[in-house]
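Okay, here's what each chain looks like letter by letter:
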Amino acid sequence: MPQYILYLDRDTFFHKLDPRTKLFLVACVFIWSSVFNHPYYTGSVLFAVVSLVLLSKTARQLKLFWFGLISLALMSMILWPLFRRGGTTYIGSILGVSFTLESVMYGLAVAFRLVAMVLSGLLLLTTTRIEELELAMTRLGLPYPIAFGFSAVFRFIPTMVGDGLTILAAQQARGVNVAGGSIFSRLRNSAAIIAPLFITTMRRFGELPMAIESRGFVPMAKRTYYLSIRMRAVDYVTVAILAVLAALSIYLRLNGVGVVFPDVI
Amino acid sequence: MVLEGPAANVLSEVELLHSLGLHPPETAEIFSKMSLRGKPYPLDVDGAAELFPSIIKVTHPLAAGLEQGEPAVELEDVWFAYEPGQWVLNGINIKVMKGEMMALIGQNGSGKTTLAQIVAGILRPARGIVRVFGKDVTRQAVMVRGREVGYIFQNPDYQIFSNTVRDEIAYGLRAAGMSEYEVEKQVNTVSEMVGLKDLLDEDPFFLSKAERQRTAVASILALNPRVIILDEPTTGLSPGETTALMETVNKLNRAGTTIITITHDMWVVTKYCSRVVLMADGKIVMDGPTRQIFSNIRELEKYDIEVPQVVKLSNKLFGQTFLTVDEFVENVKIR
């Protein structure tokens, strides 16, 4: 059976960075995408993240997620203009609902923002081993049980992807049409995927505490690690650049740059 | 606690173990059924062979041949790879005849599930042709194939999502546009067949693994497929639960349904299947009637197949292959 492990071993600059640097980058992506709500700016952030995905040679590993990311972006582009009212540049109306250029731009900005955020997280997982990530979190001062909780969740992602695909096959084999029909029948039929996935995942999570406790897991015990991580000069330089850019983005936002609607996130 | 003591004593309580839904060692079962000596019974083949009486009369079991007639499933030079260049199936050629009950055995990673999923339409071969009842279905969508070929997964939780057993069984029928009257009728028939009649209004989430497995089986049976594939259906089930499930499957087979079952339980194979296909490294390495395949004990052991005790013992004592304890007891008489 195929394996759905996100990490892809490649010899790239991004892979070689310390996991703490990569975590900081993800935090920065969240800051950059959140402070701006203009599509040029959030689009630039997304462009940067996509470039990093390409440079880290992990794009193929994310093929399962492209459809979801594009759907997420489309939903945002369609829904936000309906709810984020305001703006002065009227561009037209559909079924009696009027749209302004600003609300459409805001929808686009949020779409870019969401995709950039999710993609940066996936970039982290495709270029960093879960064990390194766990170690990085403890080195950053996070209590071990919390770091372990995070790493357990990350470990479950490939398992869930594998389960999801198997469930999809199982339901299609019994005639459940998940990919076709009207939007309403698709939504109804998606329960056939979501419910078994939820139940399977819950059963797995239910067994996890028993499995780790039966092997003598003590949450607060002092630990040693086989793996070692080390911040090198290139990491410090990268962190410094990212920090400056994060500070700059906040400064720009406070001065009204990069926004369509100044009063909202 | 029902019983406690040394393993030999506990495992010699054959009838009690059976009544608890457990599978005692076949050597102990043979000695018990033939009333050969007092307890404790031998638990291994060598011990049983040593203690077995020498004055015996053995009749030959009927040699069952393979099903003749038309193929239900036909694979012609089928190749498949999950990753480019890494072939998981290497040019498979096989015909499964109508009404056959075939076991697909082999080590993990030998390609059994991949082969079965290609038959069910879940995977599409990179090369080759798949025919179901003579029709080329190589590129057919899985949803369409599901009407002819039902696939029961190892983990029933992959299939179950409704709030009640009744709705779970009815889902595929409603999706196919059946009237509520017909749905109800079919749900009742199928639930009766798999022993779920009293659980129809229960939430499947709270049922035991065996009951959830039966629910998954029922939801596929309801669609009336002419071929059913069971992918390790007995994993996690007790021998008693396994027997109950396989008896249902056997009943369907006798009614004409073609069955392909993937399993690591060799006693299930020898008891229920008429044909065995052994796979290794994406190829079929042995294919034939169950008795013929299990007479090659050394060959099977090369592929880490755990040959049932009764097969080993009958070969060791008489150079013949008896597939089940009952067959052994029927054909071997002490003079």
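As a convention, each chain's residues are numbered from 1 in the sequence order in which they are written. Here the convention is simple: chains get letters from A, ligands get numbers from 1, in the order in which they are written. Where local features are concerned, this predicted model is filtered to residues with pLDDT of at least 70; where side-chain atom pairs are given and counted, the filter is 80 or more; whole-chain, interface and lining totals use all residues. Each side-chain value is worked out from all heavy atoms of the structure, with water and hydrogens disregarded.

Secondary structure elements follow DSSP: runs of H or I of four or more residues count as helices, runs of E of two or more count as strands, with numbering from the N terminus. Looking only at helices and strands, chain B has 15 helices and 12 strands in total. Every radius of gyration here is taken over C-alpha atoms, with the globule rule written as 2.2 Å times N^0.38, N being the number of residues. For 335 residues, the compact-globule formula gives about 20 Å, and the C-alpha radius of gyration of chain B, at 21 Å, lands near that figure. When the backbone C-alpha atoms are referred to their principal axes, chain B occupies close to 65 × 45 × 35 Å. Three exposure classes are used, based on accessible area relative to the maximum for each residue type with a 1.4 Å probe and protein chains only: buried under 20%, partly exposed in between, and exposed over 50%. Residue burial in chain B is summarised as follows: out of 335 residues, 53% are buried. Any two residues whose heavy atoms approach within 4.5 Å at even a single point are treated as in contact. Look at the contacts in chain B between residues 6 or more apart in sequence, and 64% of them connect residues 24 or more apart. Accessible surface is estimated by sampling points in the Shrake-Rupley manner with a 1.4 Å probe; for residues, cover comes only from the protein chains shown. For chain B, the exposed surface amounts to about 15100 Å²; the carbon and sulfur share of it is 49%. Across chain B, the centroid of the 34 positively charged side chains sits 6 Å from that of the 43 negatively charged ones. Only four residue types enter the tally: Lys and Arg on the positive side, Asp and Glu on the negative side; His and the chain ends are excluded. To locate a charge, the coordinates of NZ of Lys, CZ of Arg, CG of Asp or CD of Glu are taken.

It is worth spelling out the overall build of chain A at this point. Counting its regular elements, chain A contains nine helices and two strands. Along chain A, helices (α) and strands (β) appear in the sequence α-α-α-α-β-β-α-α-α-α-α when read from the amino end. By its C-alpha atoms, chain A is 65 × 55 × 35 Å across when sized along the principal axes. Here chain A, with 265 residues, has 43% of them falling under the buried criterion. Carbon and sulfur atoms make up 70% of the accessible area of chain A, which totals about 14600 Å². With 24 positive and 12 negative side-chain charges, chain A shows a separation of 4 Å between the mean positions of the two kinds.

Turning our eyes to something else, we now look at the nonpolar core. Counting 65 residues, the largest nonpolar core has B:Ile30, B:Ile169, B:Phe294 and B:Phe328 as the members making the most contacts within it. For the domain bounds, the source is a domain assignment made automatically or taken from a database. Shared between two domains, this core takes at least three residues from each, and those domains are domain 1 (7-63 + 307-334) and domain 2 (98-124 + 138-297) of chain B. In contact with B:Phe328, not counting residues within four places along its chain, are B:Ile30, B:Met34, B:Phe52, B:Val310, B:Leu313, B:Ser314, B:Leu317, B:Phe318 and B:Phe322. Grouped together as the second largest cluster of nonpolar side chains are 44 residues, A:Ala192, B:Leu115, B:Ala116 and B:Val277 included. Only buried Ala, Val, Leu, Ile, Met, Phe, Trp, Tyr and Cys residues count toward a nonpolar core, and they belong to the same one when joined by side-chain atoms within 4.5 Å.

To continue, consider unusual backbone geometry. Residues and elements named next belong to chain B. At Asn 224, a residue that is not glycine, the phi angle is positive and equals roughly 60 degrees. Tracing the backbone through its elements, the reader meets Asn 224 in the loop between helix 9 (209-221) and strand 8 (227-231). The exposure class of Asn 224 is exposed, given its relative accessible area of 56%. The phi angle at Asp 304 is positive, at roughly 60 degrees, despite the residue not being glycine. Within the secondary structure layout, Asp 304 lies in the loop between helix 13 (297-302) and helix 14 (309-318). Residue classification places Asp 304 among the exposed positions, given a relative accessible area of 61%.

Looking now at the domain arrangement of chain B. All names here are of chain B. Along its sequence, chain B is organised into domain 1 (7-63 + 307-334) and domain 2 (98-124 + 138-297). A C-alpha centroid distance of 30 Å is found between domain 1 and domain 2. Facing the 16 residues of domain 1 at the interface are 12 residues of domain 2. A 1.4 Å probe defines the accessible area here, and the buried area is the portion of it lost by two parts on being joined, summed over both. Across the domain 1 to domain 2 interface the summed buried area is about 1200 Å²; carbon plus sulfur atoms make up 69%. Salt bridge, as applied in this entry: a Lys or Arg side-chain nitrogen positioned within 4 Å of an Asp or Glu carboxyl oxygen. For the pair domain 1 and domain 2, the interface holds one salt bridge. A salt bridge links Arg 291 to Glu 327; the shortest N-O distance between them is 2.8 Å.

Residue and element names in this part refer to chain B. Following DSSP output, two strands are said to pair if at least two bridges run between them. Sheet architecture is open: four strands sit in the order 3-2-5-6, paired in antiparallel fashion. Here the strands that pair on one side only, and so sit at the sheet edges, are strand 3 (86-97) and strand 6 (135-136). Looking at chain direction, strand 2 (residues 71-83) and strand 3 are connected through eight bridges and run antiparallel. What sits directly across from Val 73, in strand 3, is Val 96. The axes used here are C-alpha line fits, helices contributing only the stretch in contact, and every angle between their N-to-C directions lies in the interval 0 to 180 degrees. Lying on the sheet, helix 5 (residues 112-120) is in contact with strand 2, strand 3 and strand 5 (127-132); it crosses strand 2 at an angle near 120 degrees.

Our focus in this paragraph is the packing of aromatic side chains. Working definition: a ring pair exists when centres of Phe, Tyr or Trp rings (six-membered ring for Trp) sit within 6.5 Å. Plane angles under 30 degrees give stacked, over 60 give edge-to-face, the rest tilted. Applying the stated criterion to the full structure yields 15 aromatic pairs over all chains. Taking the centre distance of 5.3 Å and the plane angle of 75 degrees together, the rings of B:Trp79 and B:Trp87 count as edge-to-face. Since its relative accessible area comes to 32%, B:Trp87 is described here as partly exposed. Stacked on the ring of B:Phe205, the Lys or Arg A:Arg203 has its end atom at 4.8 Å from the ring centre. Throughout this description, the term charge over a ring refers to an Arg CZ or Lys NZ atom that lies within 6 Å of the ring centre and within 35 degrees of the ring normal. Here the basic side chain of B:Arg226 rests over the ring of B:Phe133, its NZ or CZ set 3.7 Å away from the ring centre.

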